[in-house]
Amino acid sequence: MLDYVVRNDGAPVPVQLGASLFGRTGHEYFDPRSDRKLWLRTGTTVYRRSLRLPSDMPAGRYRLVVAVWWLGNEKRSIASADCGERL
């Protein structure tokens with residue numbers, strides 16, 4: 001499970017929590033079925049989502065990158081974090 005600690009100083013907005021793992025070759029592993037759509041509440045809140053990985057994913061070191069996507073007229077990232085070291 002991944003925890004997102006998000007602060008929203010404005011009105012509630014519709015968002016999607018995304019997450020990807022990147023391997024040494026730059027290949028991206030993600031699971032859009034686990035992306036979580038929700039309304040971002042005003043204030044600081046912890047949100048949680050899972051990240052299912054394919055069973056054939058090679059063992060190794062990966063970078064975790066997470067994002068909060070705004071689901072307004074056009075989907076765009078409003079916040080992201082690279083949670084790993086560069087490979």
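Residues numbered from 1 in each chain as written. Predicted model: local features only at pLDDT ≥ 70, side-chain atom pairs only at ≥ 80, totals over all residues. Heavy atoms only, no water.

Caption draft 1: Representation of the overall build of the chain in the model. Helix and strand counts for the chain stand at zero helices and seven strands. If you list the helices and strands of the chain from N to C, you get β-β-β-β-β-β-β. Classification of the 87 residues of the chain by burial places 31% in the buried group. The long-range fraction of contacts in the chain, counting pairs at least 24 apart against all pairs at least 6 apart in sequence, stands at 61%. One way to put it: in the chain the 14 positive side-chain charges average out to a point 3 Å from where the 9 negative ones average out. (Helix = DSSP H or I, 4+ residues; strand = E, 2+ residues; numbered from the N terminus. Buried < 20%, exposed > 50% of the residue type's maximum accessible area, 1.4 Å probe, protein only. Contact = heavy atoms within 4.5 Å. Lys, Arg positive; Asp, Glu negative; His and termini not counted. Charge placed at Lys NZ, Arg CZ, Asp CG, Glu CD.)

Caption draft 2: Up close: the confidence of the model for the chain. Here the chain shows a mean pLDDT of 88. Residues at 70 or above account for 91%. Model confidence for the chain, summarised as mean pLDDT per element, is weakest for strand β7 (residues 76-82) at 75 and strongest for strand β5 (residues 43-49) at 96. (pLDDT = per-residue confidence, 0-100.)

Caption draft 3: Focus on the side chain of Q16. Considering the arrangement of structural elements, one finds Q16 in strand β2 (residues 13-22). Side chain to side chain, Q16 and D35 meet in a polar contact 2.9 Å long. (Polar contact = N/O pair within 3.5 Å; in protein donor to acceptor, adjacent residues only side chain to side chain.)

Caption draft 4: Structural detail: the packing of aromatic side chains. If you walk through the whole model with that rule in mind, you get one aromatic pair. Taking the centre distance of 5.7 Å and the plane angle of 80 degrees together, the rings of Y29 and Y62 count as edge-to-face. Separated by 33 residues along the polypeptide, Y29 in strand β3 (residues 28-30) and Y62 in the loop between β5 and β6 (63-70) bring together distant segments of the chain. According to the relative accessible area criterion, Y29 is buried, its value standing at 14%. For Y62, a relative accessible area of 22% gives the class partly exposed. (Phe/Tyr/Trp six-rings, centres within 6.5 Å; stacked < 30°, edge-to-face > 60°.)

Caption draft 5: Quick look at the environment of V65. Mapped onto the elements of the fold, V65 is located in strand β6. If near-sequence neighbours (up to four positions away) are discounted, V65 is found in contact with G18, A19, S20, F22, A81 and D82.

Caption draft 6: Molecular detail of the nonpolar core. In this structure, Y4 and Y47 are the most contacted members of the largest nonpolar core, which totals 15 residues. Secondary structure elements with two or more residues in this core: β1 (2-8), β2, β4 (36-40) and β6. At four residues, β2 tops the list of elements feeding residues into this core. Beyond its immediate sequence surroundings of up to four residues, Y4 is in contact with L17, G18, A19, T45, V46, Y47, R49, V66, A67 and V68. (Core = buried A, V, L, I, M, F, W, Y, C linked by side-chain atoms within 4.5 Å.)

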